[in-house]
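Read off the chains here:
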Amino acid sequence: MNYGGFSTCGGEYVITDPVPPRPWINYLGNRRLRAFISQNAGGLMWYKEPYSRRLTRYHYTAAPGDRPGFYLYVRDRKTNQVWNPHFAPSCIGLDSFECRHRPGVTEFVASFDKVEVAVRFGIPPGDDVMLWDVTVRNVGDNPRDLQLASYMEFGLLEFMREAVGWCYLKNQFSLRFDAELNAIRYDYHVFEAPFAPCMLFGCTERLDGWECSRDAFIGSTGSYARPEALMDHRELSNSDLPLGGHACAVEALNVMLDPGAEKSLAFVFALADDWSTTEALLAQYRSSDAVQNGFANLANFWNERLCRTVVETGDPVVDRAVNVWIPYNSVVGLDLARTISTDHMGTDGLRYRDTTQDALAVANIDPEFARLRMHQVFEQQTPDGGGCFSFFPDDPRPTSDSPRRSDNTVWQVYTIHNLIAETGDMRLLDEEIPYRDGTIGSVYEHIQRGLDYIWDRRGPNGLPTLYHADWNDGLALFQDEAAESVMLGMQMVYSCKLFRELAQRTRRAADAEWCDHVATELTKILNSDLVWDGRWYRRLLMSNGKVLGGAANAQGQIYLNPQSWSVISGVGEFEGRGRIAMDSVAEKLDSDCGLRILAPPFTGIPEPEDPPLGSNPGIGENGGIFSHANTWAIIAECLLGNGNRAFKYFRQLLPEVVSERMGHDHYQREPYVFVSSIVGPGCDAFGQGGISWLTGTANWMHVAIVQYILGIRPTLDGLELCPCLPDGIEQVEATRRFRGKDYKIHLTKDTAKWNLNP
Ligand code: GLC
């Protein structure tokens, strides 16, 4: 069955059944204050990063898996019936229900027993407030005596210390209702806390009751579905929490509505470093105009980013993906890296190589944001050119160098090149950014040292050393840090191509020559019999002389990435091998839902020196359909001129398409954002979606569809048009905002390559 669909213009995903197989979430936020929220208003709010500044609680391992969040309870004071416009947690069947997710805003519109409630949630740009904008309407013939109550649960800001030190730390904060401010005040004074923000939760209306104590609201026999304080005609107890403990923010008001009457109000959460700023923020958002303005600013914020590339291909599925959901997914991806979702528990920080890739297409959508993140990445680089595993720009935790990924610094030039192509501003290369030890280097030097770092650490066959893993985490399983990576070798060739262009433009002839030398050397090795297997390229040269990814192996015979990268890098131009390799991909790795990362999957330990299993066969890196890796195959097919195959690979992986094909119940995940992987063929669960939202897929897919299939590609010389359209898409109308001008573009299959130089 289907749980929802896109609005006509594609700008919203409308969930009409409140119980899809998993929470289907959206993200809110202004890059400081952030939250995610599901179709049941389950969710979590944090400030800057969720490890030391997690503001509200969300239960990751308790059943049911989407509690608590940002709840609005509606009680009929006469019948005492309690319900929620977001269905859960009371789970009272509603007469109508819609949850509308759109960029930066989630809105519920629901009705029950002749009362209609609309509530939308958003965090406006610029101000650290979360707005709950509520309208309640009596659509029946009798007057109604209603109570509305908010619920949000606070925990310790430090997620891990809540788990470990709760017994002591629970007494180091307090909540109380401040009658003068008409708001709940959350005082956090855990003495070792790295941050102690000042928080208020208020309402635009005078409140009739409140609870700061979760024990008082839920009670010992109650639940989120049936909080004791709302049962049996009780009144709220107006609890404060002076000694700390389990905290919540319940604010209630009574609303009398004549037939046809409606009432609007807003709950406002505000946060700042000092109380006077928090109070001022709350005061500012106490007016309905300010709340409406907040939502208008949010809509503008997203429109400015999404209007830069708008296409009409004649295929509405493609259009809504390209115009709204892929760029939206890309920007959220860069904002959060892999930190927090319903899957990620918010302990990991920003990953070096992931953040670099997540900035790739954001360079075309929000160049300033991409530039900022690349600065943060470069600041983590060591002066010898090495990267790191993860880092924490808003948290005092030290940068983490382990596990050691060999590909960290190969991605930098892709993003910087694209960023310069977008803005036309070569001066970015001269910007000075400190290395991790405080010494300074230009962006150009950061890139150069990053490439040197990989080049200097080659193995005996001349290819880059693997260390714990390259892009593919799953290779860590083989526990061969001295293995040599074919994929990384090919990526180095591509990096050298781009870096050579930058070197030439800035008249660094010796560096350009170095690039030629590296590319030539690597290309030779990559086309030697060590790496070329006959019909495709191998994946790893192991230090014991064995290879991974060869036809002679029983398992893991063919890996997707070296085939795609052989084309992207140009290594596969030799004797037409790129074409042969990509034909092998089509034959051996394609499925109804996308390309597998390898085949056949590893199933066990046939020999003592073989690796332990890792993921079950067909899952994730062990033969799953890895979405991120599919994007490179699309680019490769475009470069080979095969628009039909490229488009097939693109369209079959779109969340809307794959979730329809497999069925919403089986696929499980949001039909509007990518998953990192899908269970591969041969498994009972084939076609089931994995971790959603935070995956490198969105950014690379944006590049694959816009720059390669549609061929609207920024280059250092201007905007280039070089479409590779499939049969069935005969022409495309597009608008592209590029270097301050708006272009109207008409593409046909015969559009010859040409360049628009603004
Ligand atoms: C996950 C990781 C990413 C890695 C990829 C492939 O998406 O977050 O860092 O490159 O898997 O293993």
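Above: the structure in question.
Treat the numbers as computed from the prediction; the structure is a model and nothing was measured. (Residues numbered from 1 in each chain as written. Predicted model: local features only at pLDDT ≥ 70, side-chain atom pairs only at ≥ 80, totals over all residues. Heavy atoms only, no water.)

Novice: Give a description of the site of the ligand that names residues and reports values.
Specialist: The environment of the ligand is formed by R338, R351, R353, D354, W471, N472, D473, E621 and F626. Measuring from an oxygen atom of the ligand, one finds a side-chain N or O atom of R338 at 2.9 Å. R351 places a side-chain nitrogen or oxygen 3.2 Å from an oxygen atom of the ligand. Taking 310 Å² as the accessible area of the ligand by itself, protein coverage stands at 91%. (Near = heavy atom within 4 Å. Polar contact = N/O pair within 3.5 Å; in protein donor to acceptor, adjacent residues only side chain to side chain. Areas by Shrake-Rupley, 256 points an atom, 1.4 Å probe, with all protein chains shown as cover.)

Novice: Talk me through the packing of helix α9 (residues 412-423) against helix α10 (residues 443-455); I want residue IDs and the actual numbers.
Specialist: Put simply, α9 and α10 touch, their axes get as near as 10 Å, and they point 150 degrees apart. One element, α9, and the other, α10, form an angle in the roughly antiparallel class. The interaxial crossing formed by α9 with α10 has left-handed handedness. Along the contact surface, α9 presents Q412, V413 and I416, while α10 presents V443, H446, I447 and G450. Of the residues contributing to the contact of α9 with α10, the split by class is four nonpolar, three polar and no charged. (Axes fitted to C-alpha atoms, helices over the stretch in contact; angles between N-to-C directions. Helix = DSSP H or I, 4+ residues; strand = E, 2+ residues; numbered from the N terminus. Parallel < 35°, antiparallel > 145°, perpendicular 65-115°, else oblique. Left-handed = near helix turned anticlockwise from the far one by under 90°. Contact = heavy atoms within 4.5 Å. Nonpolar A, V, L, I, M, F, W, Y, C, P; charged D, E, K, R; others polar.)

Novice: Can you explain the side chain of T309? Please cite residues and give values.
Specialist: Structurally, T309 is set in strand β20 (residues 309-312). Its relative accessible area of 8% is what places T309 among the buried residues. Leave out the neighbours within four places in its chain, and T309 touches N323, V706, T735 and R736. (Buried < 20%, exposed > 50% of the residue type's maximum accessible area, 1.4 Å probe, protein only.)

Novice: I'd like a description of the sheet that holds strand β11 (residues 129-138), backed by residues and values.
Specialist: Judged by pairing direction, the sheet is antiparallel, and its 10 strands sit side by side in the order β1-β2-β8-β9-β10-β11-β19-β16-β15-β14 without closing on themselves. The open sheet has two free edges, formed respectively by β1 (4-6) and β14 (173-178), since each of these has just one partner strand. Between one strand axis and the next, the sheet turns through 15 degrees on average, direction left out of account. Bridge count for β11 against strand β19 (residues 262-272) is nine bridges, and the pairing is antiparallel. Within β19, the residue paired with R137 across the bridge is E262. Along the sheet, helix α3 (residues 275-284) makes contact with β11, β15 (183-188), β16 (198-203) and β19, crossing β16 at roughly 20 degrees. (Pairing = 2+ DSSP bridges.)

Novice: Give me the environment of Q448: which residues, what numbers.
Specialist: Here Q448 shows up in helix α10. Apart from residues lying up to four places away in sequence, Q448 is in contact with F499 and D511. A distance of 3.1 Å separates a polar atom in the side chain of Q448 from a polar atom in the side chain of D511.

Novice: Explain unusual backbone geometry to me, using residue names and the numbers behind them.
Specialist: Residue P68 follows R67 across a cis peptide bond; omega there is -20 degrees. With respect to the element layout, P68 can be found in the loop between β5 (43-47) and β6 (71-76). Along the chain, S402 connects to P403 via a cis peptide bond; the corresponding omega equals -5 degrees. In this fold, P403 is placed in the loop between β22 (390-391) and α9. Of note, D232 is a non-glycine position whose phi angle comes to about 50 degrees, a positive value. Inspection of the secondary structure puts D232 in the loop between α2 (214-218) and β18 (247-257).

Novice: Go over the sheet that holds strand β3 (residues 25-29), please, and point to the residues and values.
Specialist: A sheet is described by the order of its strands in space; here three strands give the open sequence β3-β4-β5, paired in antiparallel fashion. Every interior strand has two partners, whereas the edge strands, β3 and β5, have only one. Going across the sheet, the axis of each strand differs from the next one's by a mean of 10 degrees, ignoring polarity. Here β3 runs beside strand β4 (residues 33-38); their pairing, made up of five bridges, is antiparallel.

Novice: Lay out the pairing of β4 with the relevant residues and their values.
Specialist: Burial runs high along β4: six of the six residues are buried. Covered by surrounding structure in β4 are L33, A35 and I37 together with R34, F36 and S38, the residues of both alternating faces. Remark: three residues form the turn of the hairpin made by β3 and β4, two consecutive strands paired antiparallel; R31 in that turn has positive phi of roughly 70 degrees. Relative to β5, β4 runs antiparallel, the two being bridged by five bridges. Counterpart to F36 in the pairing with β5 is L44.

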